[in-house]
Amino acid sequence: MLDKTYRPKEAEAEAYRLWEETGAFAAEPERNAERFTIVIPPPNVTGKLHTGHALNNTMQDVLMRYHRMRGDDAMWMPGMDHAGIATQMVVERGLEAEGKTRRGLGREAFVERVWDWTQQSGETIRNQLRSLGAGPDWARERFTLDEGLSEAVRTVFVRLYKERLIYKDLRLVNWDPKLRTAISDLEVQQQETDGHLWHFRYPVEGEPQRSLTVATTRPETMLGDTAVAVHPDDPRYKDLIGRKVILPLVDRPIPVIADDYADPATGSGAVKITPAHDFNDFEVGLRHDLPKINIFDETAHLNDKVPEAYRGLDRFEARKKVVADIEALGLLEKVEPHRHTVPHGDRGGVPIEPFLTEQWYLDAATLAKPAIAAVEEGRTVFHPKQWENTYFEWMRNIQPWCISRQLWWGHQIPAWYGPDGTCFVEMTEEEAATAAKAHYGEAVELSRDPDVLDTWFSSGLWPFSTFGWPSQDAEVTANLERYYPGSVLVTGFDIIFFWVARMMMFGLHFMGEVPFRDVVIHGLVRDERGKKMSKSLGNAMDPIELIEQYGCDAVRFTLLALAVPGRDLKLAPVRLEGYRNFATKIWNAARFAEMNEATAAAASNFDPGKCKEPVNRWIIGRTVEAKADLAAALEVYRFDEAASGLYRFLWNRLCDWYIELAKPLLADAATAGETRATLAWALEQTLLLLHPMMPFLSETLWQQLGYGAKGPLVSQRLPDYPPALRDPAADADIEWLIELVGEVRGLRSEMNVPAAAKVELLLSDAGPETKRRLEAQSEAIGRLARLSRLEAVGEPPPKGSALFVIGEATAAIPLAGVIDLATERARLEKEVGKLEAEASKLERKLGNANFLAKAPEEVVEENRERLADMSGRRERLSGALARLSA
RNA sequence: GGGCGGUUAGCUCAGCGGGAGAGCGUCUCGUUUACACCGAGAGGGUCGGCGGUUCAAAUCCGUCACCGCCCACCA
C-alpha cells in the first residue's frame, strides 16, 4: 500500500541505486540503434553546482532519458573542467586562510594541493549530479587535465604551431596585476566608473611660455609618454608638428606627431601617447616608430623606468602623486568629473593593465572561417536561432586569441627553449631534445616554457578528446566515429564565445566535422525578483537544498516548466510549491489506482483498442494525445511546453475527469473489469511519459504498482500507439458530458444552491444523440453535478428554472422557490447580451464580401458554424427569458 | 556607438496572421471513501503608445517610449 504522501528523499536514493545497479545509464555501442550523443558541459571543479547547473543538467537528462526510451543508443559523456584561474584562485584562498602562499609552497607542491582539492570538489559534484537525477554514462567520466585529454591538448598545440596557427608575439595584452597573468579579451569586463579627466599642460620645448594641453583619465601613465599626437589638419597645432614638448616630472622632450587618431573635437585635440600602456597608443606608436616605455612591473607598481620619486608606488598611489606634483608645478589646467568604462579582470576583479609581454596566440580568424560557414549552412543549428547572430557577430570580428597564462594550474605549454632562446614545440621533452640536438649539432640543456594554456583551450577539444582522440587504438577510433559529432549541446548563452565557438573551431579543424548538430541555448536562472543569483547578494539558491525541501522531481519540473527558450527564468518558491503539489497529485492518483486494484496485474493482457466504455476510450485517446504532444515539444527542445502538456493531461484530464468518471464504473460489476484495466493502463503510460521529466517519482510508482517485473522504468521503451486508439465519437460524448456538468455546477454556484442539495435537470428539445448520451452517462452526470433526477422531457422548461443551452437542447434546473426570478433574469440577459455581441461580430464578418472572397474556405466555414451556434443559443435563451418574464 | 531581447489578467509568463490563455494570487462555496500539497465556481485584460499592411493584427511592417542583456579602443 502506498504511503499517504510521496516521500522524495528515500525514493530518490532507492531509485538511483536501482538505475546504477542495472547499468541503465551505460551507452550501448554494440547495439544496432540510432545513436544520441550529448557531451556534458563539464562543470568547473571550483566547489559545487548552482541552480544554473541544475537547469542545464536537467535539460540534458530529459533528452537522454527520452531518447533512451525511444530506443536510441543514448550516450551522455560526463566529466569536469580543471578551470585554470578559477580553481587556482579557490585553492590560493584556502592557503591564505592557513597563512600560506602559492609562491611559498612552490609550483610542484601547489599543483599537488590543487589536485587534492579537485578530488574533493569532483566528488561533491558527482554526488550533486546524482541528487539531480542526472544519469550520464559514469564509467566514461573524463577530466580536462587527465592523461588522455592532456595528450589531446599537446597534439593540438603542436599541430597548430607547425601549421603556424599558433605563434608567439610581443604585443600589448590584457594583464591582470592581481593574478599576474595575461588574460584573453573575453575575460575582460568593462565597468562603468566615475572617474576624472585631468588636463595637463606640457610646455613646448624652447618656448616655455607656450604649452600643449592634453587630457587623460590615467595621469600615472604620463611617465611613459613618448609623444603627443595632434590631428594633421588641426590649425591650432600645425606649427607644432615635428617640434617637441617637455614631459613634466620626467623632463624628457617628446615629439608632437600628426596622426588621424587625434580627434580635434575631443578635449583639447591633443592626445598624449603612451605606447606601452594603451592599446590605441600602441598602434600610434607602431605607425610613428615611437619608443615603448614600460613603466610597470607585473604587479602594476612603477619600475625603474620612472624618476626615483615614483619607483615602487602602485598605480593608484602613483596617480595621486603625479596629479599633486603636476599641480605643484602649475601645470594642472583643470580636473573634470568623467564617467567612463574601465576594463576589469573578470576573476581578479581589479582593473587590467595593457601590458607589453610576449605571449602565445592562436590565429582564431583562420579557424573561425569554417566555423562560420558551418552555421551559415545549417550543419549546426542554434535553438533559438537568433543566437546565431550573436555567434556570427563575434566570429566575424574575432581577434587573435591569447592562450598562454602565467599560472600553475593547467596544461603546461609543450615548448622548450635552447640556450639562445630557440623554441622547440614538441609532444614530449625527449622529442624536443632530439629536435634541439639536430638544430645545435649537440645535446644542449633545454628549459620548458613555464606558462599554461587558457582553460578554454582544453574545453574546446571536449567533444572529441573525451572519446579518446588522438589515440589510434581501434576501439577508440570506432567510438569516435560512432559518437562524434554529438547530437545536441545544451548550454547557457554566456559561454557561446568562450566555449561553443572554440569547440566549433577545433572540431572542424581536427575532426573535419562540426562537434554537434543542435545547440540548445538556455537562459540564466535568476531569483524571484529577476536578480542575478550571487553569493555576495545572498540570494543564491542551492539546488541541493531545494531538492531536500521540495523533492528532486519538483525542482526539475519547475526548472523545465520555466525554461522558455531564449529567456532568463525567475525561480520563485511559489512555483516550486506548485510543482511539488503536482508530484503529490500524481502520487495520490496512483494511490487511487492501487486502492481499486488497477495495478500491473490489471493492465497485463489489456488491449486498449477493445475498450467499450466511452469514458475509457476517451482517456485512452487523451493519453495518445499526451504522448504526441510530449514528443512534439521535445523534438524542438520546448521543455516548457513538454512540462505544461503533461501537467494539463495529468491534472485536468486524468485526475479531474477520468478518475471521477471512473468511480461509478468501478463500482458497477459490468464495467469494473474494463475500467480497472484502463485505469491501470493509463497510469502505466503516464509513468512512461513522465519519466524523463520526473524520473524518481515515476520510477518509484512503477515499482510500487508492480510494473517492476518488466524491469526498471528507466529502461522501458515508449510505445507507438496505433492511430485507431483515438475515438472521435467517444471524445464528443465525453466533451458533451464535461460541458453539461460544468454548466450545472456554474449555475448551482451562481444560484447559491447549497453544495449538499440535489437538484433536477430537465432537457427540452433533446435529439436522439443527446438522449443516448443522457441515458449512457446519467449516473456519472448525476454524481458529478449532484442531481436527484436527470431526463429529457417533451414539454418546455418549467417556470422558475435556471436555464442553459447544451447542443440542440435547453437544460433547466427547476429552482422554484429557491431562485430569485430577478436574479435569473439578469443573468440570462447578460448571457444573451454576450451572445448577441458575438453573433453580430460574426454577422458583420460574414457579410463582408471581401472576407468571403479572400479568406480560406475553412475559415469562412468555421465562422459560419460559430455563428449558427451563437444564434441558436441566443434564440433559445431569449425565448426562455421571455417565458420567465411572462 | 553598434547589436539583440522584452513591454499580454494583481504577480510570473505562454500564444506570434483568423474565437484573448495558463499557473499562482484574490473572492465565494465545500471536509461525497485518491489527494486540503485538495475539490467546485467566480471575478479580472484599450495584448506599452501612435501610424501602416491585410478581408482579418496581441501576432507582420514602421515609429516613439520605457526596461533588460551583449559587444565596442575614444584621450
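In short, a report on the structure. (Residues numbered from 1 in each chain as written. Chains lettered and ligands numbered in written order. Predicted model: local features only at pLDDT ≥ 70, side-chain atom pairs only at ≥ 80, totals over all residues. Heavy atoms only, no water.)

### Brief notes about the overall build of chain A
Thought 1: Helices and strands together make up the secondary structure of chain A, namely 28 helices and 29 strands.
Thought 2: Along the first, second and third principal axes, the C-alpha atoms of chain A reach 120 × 65 × 55 Å.
Thought 3: Counting across all 886 residues of chain A, residues that qualify as buried make up 55%.
Thought 4: For chain A, the share of sequence-separated contacts (at least 6 apart) that also reach a separation of at least 24 residues comes to 77%. (Helix = DSSP H or I, 4+ residues; strand = E, 2+ residues; numbered from the N terminus. Buried < 20%, exposed > 50% of the residue type's maximum accessible area, 1.4 Å probe, protein only. Contact = heavy atoms within 4.5 Å.)

### A short note on the sheet that holds strand β23 (residues 516–522)
Each strand in a sheet pairs with its neighbour through backbone hydrogen bonds, running either in the same direction (parallel) or in the opposite one (antiparallel).
Thought 1: On the basis of which strands lie adjacent, the open sheet formed by three strands has the order β15-β23-β22 and parallel pairing. Across the chains shown, the open sheet's two edge strands, defined by having one partner strand only, are β15 (381–383) and β22 (486–492). Sheet twist, expressed as the average angle between the axes of neighbouring strands with direction ignored, equals 20°.
Thought 2: With six bridges connecting them, β22 and β23 associate as parallel partners. By the bridge assignment for β23, Val488 is matched with Asp518.
Thought 3: The strands that helix α2 (residues 51–69) touches are β22 and β23; relative to β22, the one it contacts most, it runs at about 160°. (Pairing = 2+ DSSP bridges. Axes fitted to C-alpha atoms, helices over the stretch in contact; angles between N-to-C directions.)

### Points about unusual backbone geometry
Thought 1: With an omega of 10°, the peptide bond running from Trp469 to Pro470 counts as cis.
Thought 2: Note that Pro470 resides in the loop between α13 (462–465) and α14 (474–483).
Thought 3: Between Tyr484 and Pro485 the backbone carries a cis peptide bond, its omega angle lying at 0°.
Thought 4: For Pro485, the position within the fold is in the loop between α14 and β22.
Thought 5: Positive phi outside glycine occurs at Arg180, with the angle close to 55°.
Thought 6: Along the chain, the position of Arg180 falls in the loop between β5 (166–176) and β6 (181–183).
Thought 7: Overall, Arg180 belongs to the partly exposed group, its relative accessible area being 26%.
Thought 8: Positive phi is not limited to glycine here, since Asp251 has a value of about 55°.
Thought 9: Note that Asp251 resides in the loop between β10 (244–247) and β11 (252–258).

### Considerations on the nonpolar core
Thought 1: Counting 212 residues, the largest nonpolar core has Leu362, Tyr391, Phe457, Met504, Phe506 and Leu761 as its most contacted members.
Thought 2: Top element by residues in this core is helix α21 (residues 639–667). It accounts for 15 residues.
Thought 3: Among all residues touching Leu761, those that are not within four sequence positions of it are Leu740, Val744, Leu787, Arg789, Leu790, Glu791, Phe804, Ala811, Ala812 and Ile813.
Thought 4: Core analysis: the next-biggest nonpolar cluster, separate from the first, contains 37 residues, Val245, Ala270, Leu313 and Tyr361 among them. (Core = buried A, V, L, I, M, F, W, Y, C linked by side-chain atoms within 4.5 Å.)

### Side note on the pairing of β11
Thought 1: Note that strand β9 (residues 227–230) and β11 share three bridges and pair parallel. Across the sheet, Val230 pairs through a bridge with Ala258, a residue of β11.
Thought 2: What sits between the antiparallel neighbours β10 and β11 is a turn of four residues, in which Leu249 has the positive phi angle 70°.

### Some points on the environment of Pro400
Thought 1: Structurally, Pro400 is set in the loop between α10 (387–396) and β16 (401–402).
Thought 2: Judged by its relative accessible area of 29%, Pro400 falls in the partly exposed class.
Thought 3: Counting along the chain gives 35 residues from Pro400 to Ala365, while the straight-line C-alpha distance between them is 6.9 Å.
Thought 4: Non-local contacts of Pro400, meaning those with residues more than four positions away in its chain, are made with Tyr167, Arg171, Tyr361 and Leu362.

### Examining the packing of α10 against helix α15 (residues 496–511)
Thought 1: In the contact formed by α10 and α15, the axes pass within 11 Å of each other and the chain directions differ by 75°. Looking at the two axes, α10 sits roughly perpendicular to α15. Judged by residue contacts, Trp387, Thr390, Tyr391, Trp394 and Met395 of α10 engage Ile496, Phe497, Ala501, Arg502, Met504 and Met505 from α15.
Thought 2: Across the contact of α10 with α15, the residue classes tally to nine nonpolar, one polar and one charged. (Parallel < 35°, antiparallel > 145°, perpendicular 65-115°, else oblique. Nonpolar A, V, L, I, M, F, W, Y, C, P; charged D, E, K, R; others polar.)

### What about the protein's contact with RNA strand B?
Thought 1: For RNA strand B, the set of nearby residues contains 50 residues, the closest of which are Ala215, Asp263, Thr266, Lys854 and Pro856.
Thought 2: Each atom of RNA strand B within 4 Å of the protein belongs either to a base or to sugar and phosphate, the latter forming 57%.
Thought 3: One of the side-chain N or O atoms of Arg580 is found 3.4 Å from a base oxygen in RNA strand B.
Thought 4: One of the side-chain N or O atoms of Thr584 is found 2.7 Å from a base oxygen in RNA strand B. (Near = heavy atom within 4 Å. Polar contact = N/O pair within 3.5 Å; in protein donor to acceptor, adjacent residues only side chain to side chain.)

### As for the pattern of salt bridges
Thought 1: Tallied over the full model, the rule gives 71 salt bridges.
Thought 2: Ionic pairing is found between Glu791 and Arg789, a salt bridge with its closest N-O pair at 3.1 Å.
Thought 3: Since its relative accessible area comes to 35%, Glu791 is described here as partly exposed.
Thought 4: The partly exposed category is assigned to Arg789, whose relative accessible area is 33%.
Thought 5: With a closest N to O distance of 3.9 Å, Glu836 and Arg874 form a salt bridge. In this pair, Glu836 is assigned in helix α26 (residues 821–846) and Arg874 in helix α28 (residues 857–885), connecting sequence segments 38 residues apart.
Thought 6: We classify Glu836 as partly exposed; its relative accessible area is 39%.
Thought 7: Three or more residues joined by partner-sharing salt bridges are found here, namely Arg218, Glu220, Arg315, Arg319 and Glu353. (Salt bridge = Lys/Arg side-chain N within 4 Å of Asp/Glu carboxyl O.)

### Focus on the packing of aromatic side chains
Thought 1: Under the criterion given, the structure shown has 35 aromatic pairs.
Thought 2: Summarising the aromatic geometry, the rings of Trp115 and Trp409 are spaced 5.3 Å apart at their centres and angled 80° between planes, so their arrangement reads as edge-to-face. In this pair, Trp115 sits in helix α5 (residues 107–131) while Trp409 sits in the loop between β17 (404–405) and β18 (415–417), placing the two residues 294 residues apart along the sequence.
Thought 3: Aromatic side chains Trp394 and Phe497 sit 4.8 Å apart centroid to centroid with 20° between the ring planes, which places their arrangement in the stacked category. Linking Trp394 in helix α10 with Phe497 in helix α15, this pair joins segments that are 103 residues apart in sequence.
Thought 4: When its relative accessible area of 25% is taken as the criterion, Phe497 is described as partly exposed.
Thought 5: Every member of this aromatic cluster is reached through a ring pair, and the members are Phe157, Tyr161, Trp360, Trp401, Phe457, Phe464, Trp469, Tyr484, Phe506 and Phe510.
Thought 6: The ring of Tyr361 carries the charged tip of Arg171 above its face, separated from the ring centre by 5.1 Å.
Thought 7: Stacked on the ring of Tyr310, the Lys or Arg Lys321 has its end atom at 5.4 Å from the ring centre. (Phe/Tyr/Trp six-rings, centres within 6.5 Å; stacked < 30°, edge-to-face > 60°. Lys NZ or Arg CZ within 6 Å of the ring centre and 35° of its normal.)

### Side note on the sheet that holds β5
Thought 1: One open sheet holds the four strands; their spatial order is β6-β5-β14-β16, and the pairing between them is antiparallel. Looking at strand neighbours, the two that pair on one side only are β6 and β16, the edges of this open sheet.

### Here we look at helix α6 (residues 147–162)
Thought 1: Spanning 16 residues, α6 covers 23 Å between terminal C-alpha atoms, matching the ideal 22 Å at 1.5 Å per step.
Thought 2: Taken together, the buried positions of α6 are Leu149, Ser150, Ala152, Val153, Arg154, Thr155, Val156, Phe157, Val158 and Leu160.
Thought 3: Count one or two residues on from α6 and you reach Arg164, which has phi positive near 65°. (Expected span 1.5 Å × (residues − 1).)

### Let's talk about the pairing of strand β14 (residues 353–362)
Thought 1: The buried fraction of β14 amounts to nine of the ten residues, a majority that puts the element mostly inside the structure.
Thought 2: The pairing of β14 with β16 spans two bridges and is antiparallel. Its bridge partner lying in β16, Leu362 is registered against Trp401.

### As for the packing of helix α24 (residues 728–750) against helix α25 (residues 768–785)
Thought 1: Interhelical geometry of α24 versus α25 gives an angle of 45° and a closest axis separation of 10 Å. By the criterion of interaxial angle, the relationship of α24 to α25 is oblique. Here α24 runs over α25; the crossing is right-handed. Between α24 and α25, the contacting residues are Ala732, Asp733, Ile734, Trp736, Leu737, Leu740, Val741, Val744, Arg745 and Arg748 on the first element and Thr770, Arg772, Arg773, Leu774, Gln777, Ile781, Leu784 and Ala785 on the second.
Thought 2: Among the residues forming the contact of α24 with α25, the class breakdown is eleven nonpolar, two polar and five charged. (Left-handed = near helix turned anticlockwise from the far one by under 90°.)

### Some points on the side chain of Thr87
Thought 1: Along the polypeptide, Thr87 turns up in helix α3 (residues 84–97).
Thought 2: Since its relative accessible area comes to 0%, Thr87 is described here as buried.
Thought 3: For Thr87, the residues in contact, after removing those within four places along its chain, are Val45, Thr46, His82, Val114, Trp117 and Trp409.

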